[in-house]
Amino acid sequence: MDGTALLRELFTPDEYDAVSSHADHLGVTVVEYVRRTAAERALERLHLTEAIETQALHLGKLSIPQVDRARCGGGASSPALERFLDTLAHPTEGG
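What counts as what
- Residues numbered from 1 in each chain as written.
- Predicted model: local features only at pLDDT ≥ 70, side-chain atom pairs only at ≥ 80, totals over all residues.
- Heavy atoms only, no water.
- Helix = DSSP H or I, 4+ residues; strand = E, 2+ residues; numbered from the N terminus.
- Buried < 20%, exposed > 50% of the residue type's maximum accessible area, 1.4 Å probe, protein only.
- Contact = heavy atoms within 4.5 Å.
- Areas by Shrake-Rupley, 256 points an atom, 1.4 Å probe, with all protein chains shown as cover.
- Salt bridge = Lys/Arg side-chain N within 4 Å of Asp/Glu carboxyl O.
- Core = buried A, V, L, I, M, F, W, Y, C linked by side-chain atoms within 4.5 Å.

**Digging into the overall build of the chain**
1) Next: A count of helices and strands for the chain gives four helices and zero strands.
2) Next: The secondary structure elements of the chain, listed N-terminal to C-terminal, are α-α-α-α.
3) Next: Going through the 95 residues of the chain one by one, you find that 24% of them count as buried.
4) Next: For the chain, the share of sequence-separated contacts (at least 6 apart) that also reach a separation of at least 24 residues comes to 54%.
5) Next: Carbon and sulfur atoms form 58% of the exposed surface of the chain, whose accessible area is close to 6,800 Å².

**Overview of the pattern of salt bridges**
Working definition: two side chains of opposite charge can pair if their charged atoms are close together.
1) Next: Applying the stated criterion to the full structure yields three salt bridges.
2) Next: Close ionic contact of Arg35 with Glu32 constitutes a salt bridge, the shortest N to O distance being 2.9 Å. Pair noted here: Arg35 and Glu32 are both in helix H3 (residues 30-59), with a separation of three residues, about one helical turn.
3) Next: Across the salt bridge formed by Glu44 and Arg41, the nearest N and O atoms sit 3.9 Å from each other. You can see Glu44 and its partner Arg41 sitting in helix H3, three residues apart, about one turn around the helix.

**Quick look at the nonpolar core**
1) Next: Counting 13 residues, the largest nonpolar core has Leu7, Phe11, Val19, Val30, Tyr33 and Val34 as its most contacted members.
2) Next: Within the residue set of this core, elements represented by two or more residues are helix H2 (13-26), H3 and helix H4 (79-89).
3) Next: Counting residues per element, this core draws most heavily on H3, which supplies four residues.
4) Next: Beyond its immediate sequence surroundings of up to four residues, Leu7 is in contact with Tyr16, Val30, Val31 and Val34.

**Some remarks on the environment of Leu7**
1) Next: Among the secondary structure elements, Leu7 is positioned in helix H1 (residues 3-10).
2) Next: Placed 74 residues apart in sequence, Leu7 and Leu81 show a C-alpha to C-alpha distance of 9.5 Å.

And the structure:
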C-alpha cells in the first residue's frame, strides 16, 4: 500500500480532495504535503512548549496559549488532517 492509498483510507473523499487541492496549489504530492504539514505542526508545538516553559520560569505559572489550527490554504482545515496530526502529537501509550 503506497502513501496515497493510506491517506485515502484516512480521509473522507471530500477531505482528500481538499488536501489534494492544497497540494496541487503548492506543486507537491499529497504525501509530501501531509509530511510537510505534520513537520510544520511538530515544530509549532515544540516552539509553543519552549515558550510555555520559558514563561513558567519567569512567571512561576503556566498559561495555555490559544492555537489557531485553521491554517490550511484559505483558512479551511481538514478534520481528518487534524485527527492525524493529533495522533502524531499524542500517540496512544498502549501502542
